[in-house]
Amino acid sequence: MKRLLVLVVALWASAFARDRFDTFIDDTTLPVLVHATSPEVRDRNGELLRAYTIENGLWRMEVSPDQVDPLFFKMLVAYEDKRFYSHNGVDLRATARAAGQALRNGHIVSGASTLTMQVARLLEDGTTGQWRGKLRQMRLALALERQLTKDEILGLYLRLAPYGGNVEGLRAASLIWLGKEPTRLTPADAALLVALPQAPESRRPDRYPDAARNARNRVLMRMANAGVIPMAAAQSDRLDPAPLGRKQMPHFAPHMADRAIAAGPGRHDLTLDRATQASLEDLARRYMSGRDDHLSVALILADHQTGDILASVGSKDYTDMIGQGFVDMTQAQRSPGSTLKPLVYGLAFDRGLAHPETLILDTPVQFGSYAPQNFDGVFRGELPVRRALQLSLNIPVIRLTEALGPAHLMAALERAGVEPGLQGGAPGLALALGGVGVTLEEMVQLYAALARGGEALPLRWRADQDRGDIVPRRILSPASAWQVGNILADVAPPASAGPPGRVAYKTGTSYGHRDAWALGWTGRHVAGVWIGRPDGTPVPGAFGGGLAAPLLFEVLGRAEARLEPLAPPPPETLLVSRAQLPEPLQRFGPREEVPALQLTFPPDGALLAATGGGVPVKLRGGRPPYTLLADGAVLATGLRRPEFLAPVLGPGFTTLSVIDAQGASGRVSIELR
């Protein structure tokens, strides 16, 4: 009976102690389990474009177990905590073994910390060797195991394990020490990542590469002996050199990444494609190498069917102070020069003012006090609208703008999603020549509308931007948009860029050579290039055709191995010669006004000395060719110059007459002696 009573008391005491212990563990106050991680910007495929440090310049990246090569977990558990998946936070067998070794040797020989205990220490930033600290870690480890799953505990380890310097967590360590994501690791990679947290400062690969290599190799051999990896793999990977320094964190699309992060911390997914972005950043640097250090460049590549921006380069070098590389020139308002002209012609086609084969005047003209001039100062008379756009003449496009009304051009820009910066009041005729501020991104959006058959769709750079409620806005009819593209596709491309007809493009140069532009599209992509100085200083000799156009073709060439053909004409497109056009469309505006024909020399009644060379005749006005008569007899026809010699030898009285192509005539009587 006495023994039974003792047994009952013992059982009761055991249960009481167990309940008290459970209460003790359950009453454990857990530290904060959510930790700040580096803000990240990723591309359309989830690849890292850029990340930012958190407080104190620390790299700590968000990571989950499914983002890590399973080999790492096998090696981590085998090396650090073989019974991780079976114990409740404290490995009693390992603890007893470590305690016995310590008693026999008078000092700690081996540790007994489980991965859960290591997480507990990391959460509280506690010590590793003191018994009070160990007891606290045990209590916290037991509490963690009761409230978290094993995967959640591993997730905390993946984020918080120290890897030397300002590197914390597995993913940051993999990117900085190995230069890659931890999704696929070699045995040597995984062994290094297992070894570093044990002594993160004394094994830093950038400072102590030999110590890092030796620690890694010890892990490799233990894993081979434990059967986790083949011995042949361990022997082979032991020969790999340890990383000798830090790898640069991905730093792609820095301007757009800054733009994304401005919306807040966390993860930001963009529409960019990392491979394309990297290729075009390299292209921009290479293209601008050797040019004026103060020059900057910006370029955008987009899919004009979806409106997704695939690459955006805001400068040649984000860190360049001389060229103000920190300024995102894709977002800067600049004068677009002649790159708005295609929209003017498209609007004129839509309103029935002109057709590509319509004749239009390129002659001196004045609208009030405004007298536009062509870039080269040359007047070409009457020519087809198609040719006027291809030559980028100013006077014909101003004539069309005057007929359209500048306000209609401004309204079309706004429908396309452009927010033009207009100085002064109402828009004037100079709007067509670039008298407005626009951004490169807006211009690429406008040209995407031309490529889409006249439908404007906002460009998208955030992958989470909802497209469901966006309705495309029509700025041109499909036929007019195609006509514009067909004209621009026939413009001769830069040297070595291949034959015409594959890219519809337009160049522009702003007033004072401050901005050089080139924009164009293929059947799939639309791209834009801007080159200039961010401070707006003139760049003498800079032309869109010579400076920006070659880069545009390289951008499209890197985006497409074989350029996608341009779209065929819509069924309603009017493809006829000028003679087949309705009479109102055969010629835009009035015919060229020709001054009346006048014979300015010799004067009427003049007395001249007869010479063997003939009589000099000078004309003003009239339309060539001219016909010359003397006393009613034809002396010469087909004369086109306003100065010539009349083959009259004399002596005597003679009446000279000149008739121009329109039938106007002039007459003088002279006497030769």
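Being a predicted model, the structure only gives us computed values, none of them experimental.

S.K.: How would you sum up the pattern of salt bridges? Please name residues and give values.
M.R.: Considering all chains together, one arrives at 29 salt bridges under this definition. Between E47 and R274 there is a salt bridge, with its nearest N and O atoms 3.5 Å apart. Here E47 is found in the loop between β1 (40–42) and β2 (48–51), whereas its partner R274 is found in helix α12 (residues 274–288), with 227 residues between them in sequence. Residue R274 is classed as partly exposed on the basis of its relative accessible area of 23%. A salt bridge links E554 to R286, with the shortest nitrogen-to-oxygen separation between them at 2.6 Å. Here the residue E554 occupies a position in helix α19 (residues 544–559), and R286 occupies one in helix α12, the gap between them amounting to 268 residues. Classification of E554 as partly exposed rests on a relative accessible area of 30%. One salt-bridge network, held together by shared partners, links E40, R42, R171 and E181.

S.K.: Tell me about the sheet that holds strand β18 (residues 626–630), residues and numbers included.
M.R.: Across a sheet, paired strands are connected by hydrogen bonds in the backbone, their directions being either parallel or antiparallel. If you walk across this open sheet you meet the five strands as β16-β22-β21-β18-β19, and the pairing is mixed. Both edges of this open sheet fall to β16 (606–608) and β19 (633–639), since each of them pairs with a single strand only. Put simply, the sheet's adjacent strands are angled 25° from each other on average, direction ignored. Both strand β21 (residues 652–659) and strand β22 (residues 665–672) contribute to a ladder of eight bridges, which runs antiparallel. Its bridge partner lying in β22, T654 is registered against I670.

S.K.: Residues and numbers for the sheet that holds strand β20 (residues 643–646), please.
M.R.: In space, the three strands of this open sheet follow the order β15-β17-β20, with antiparallel pairing throughout. Two strands lie at the open edges of the sheet, namely β15 (598–601) and β20, each paired on one side alone. Put simply, the sheet's adjacent strands are angled 40° from each other on average, direction ignored. Here four bridges tie strand β17 (residues 615–620) to β20, and the two strands are oriented antiparallel to one another. Residue V615 lies in a different strand from β20, and its bridge partner there is A646.

S.K.: Talk me through the packing of aromatic side chains; I want residue IDs and the actual numbers.
M.R.: Taken as a whole and judged by the stated rule, the model has five aromatic pairs. A ring pair is formed by F72 and F73, whose centres lie 5.7 Å apart and whose planes are at 70°; its orientation type is edge-to-face. Of the two residues examined, F72 and F73, each falls in the buried class. Seen in terms of ring centroids, Y447 and W521 are 6.0 Å apart; in terms of plane orientation they differ by 70°. Their pairing is edge-to-face. Note that Y447 is positioned in helix α17 (residues 440–451) and W521 in strand β13 (residues 515–521), a separation of 74 residues in sequence. Residue Y447 is classed as buried on the basis of its relative accessible area of 1%. Note on W521: relative accessible area 5%, which makes it buried. Over the ring of Y79 we find R222; its NZ or CZ atom is 4.1 Å from the centre of that ring. When the ring centre of Y287 is taken as reference, the NZ or CZ atom of R291 above it lies at 4.5 Å.

S.K.: Let's hear about the pairing of strand β7 (residues 309–313): which residues, and what values?
M.R.: Along β7, five of the five residues are buried, which leaves the element largely enclosed by surrounding structure. Bridge analysis of strand β6 (residues 296–303) against β7 gives four bridges, and the strand direction is antiparallel. Within the sheet, the bridge partner assigned to A302 lies in β7 and is I309. The antiparallel pairing of β6 with β7 creates a hairpin that spans five residues between the two strands, and G307 there sits at a positive phi of about 85°.

S.K.: Give a description of the confidence of the model for the chain that names residues and reports values.
M.R.: Chain-level statistics for the chain give a pLDDT mean of 89 and a share of 91% at 70 or above. In the model, residues 106–110 has pLDDT below 50 throughout and makes eight contacts with residues more than four positions away in sequence or in other chains.

S.K.: Account for the environment of L519, naming residues and giving values.
M.R.: By the element assignment, L519 lies in strand β13. As for L519 and V444, which are separated by 75 residues in sequence, their C-alpha atoms are 7.0 Å apart. The residues contacting L519, other than those within four sequence positions of it, are T339, L440, M443, V444, Y447, A504, Y505, K506, A527, G528 and L552.

S.K.: Tell me about helix α6 (residues 150–160), and name the residues and values.
M.R.: Of all eleven residues making up α6, nine are buried, and the element is well covered by its neighbours. When α6 is considered as a whole, its buried residues turn out to be K150, I153, L154, G155, L156, Y157, L158, R159 and L160.

Rules behind the numbers
- All residue numbers refer to positions counted from 1 along the written sequence of the respective chain.
- With pLDDT at 70 or above as the cut-off, local features in this predicted model cover only qualifying residues; side-chain atom pairs require 80 or more to be listed or tallied, and sums for whole chains, interfaces and linings still use all residues.
- Excluding hydrogens and water, the side-chain figures rest on all heavy atoms present in the structure.
- One speaks of a salt bridge when a side-chain nitrogen belonging to Lys or Arg is within 4 Å of a carboxyl oxygen belonging to Asp or Glu.
- Strands here mean DSSP runs of E at least two residues long; helices mean DSSP runs of H or I at least four residues long; both are numbered from the N terminus.
- Here the term buried applies to any residue with accessible area under 20% of the maximum for its type, exposed to any over 50%, and partly exposed to those in between, with areas from a 1.4 Å probe on protein chains only.
- When DSSP finds two or more bridges between a pair of strands, those strands are recorded as paired.
- Fitted lines through C-alpha atoms give the axes, limited to the stretch in contact for helices. The angle between two N-to-C directions lies from 0 to 180 degrees.
- Here a Phe, Tyr or Trp ring, Trp counted by its six-membered ring, pairs with any other such ring whose centre lies within 6.5 Å, and the pair is stacked when the planes are under 30 degrees apart, edge-to-face when over 60, and tilted otherwise.
- Charge over a ring is defined by NZ of Lys or CZ of Arg lying within 6 Å of the ring centre and within 35 degrees of the ring normal.
- As a per-residue measure, pLDDT reflects the predictor's confidence and takes values from 0 up to 100.
- Contacts were defined at the residue level, with two residues in contact if any of their heavy atoms lie within 4.5 Å.

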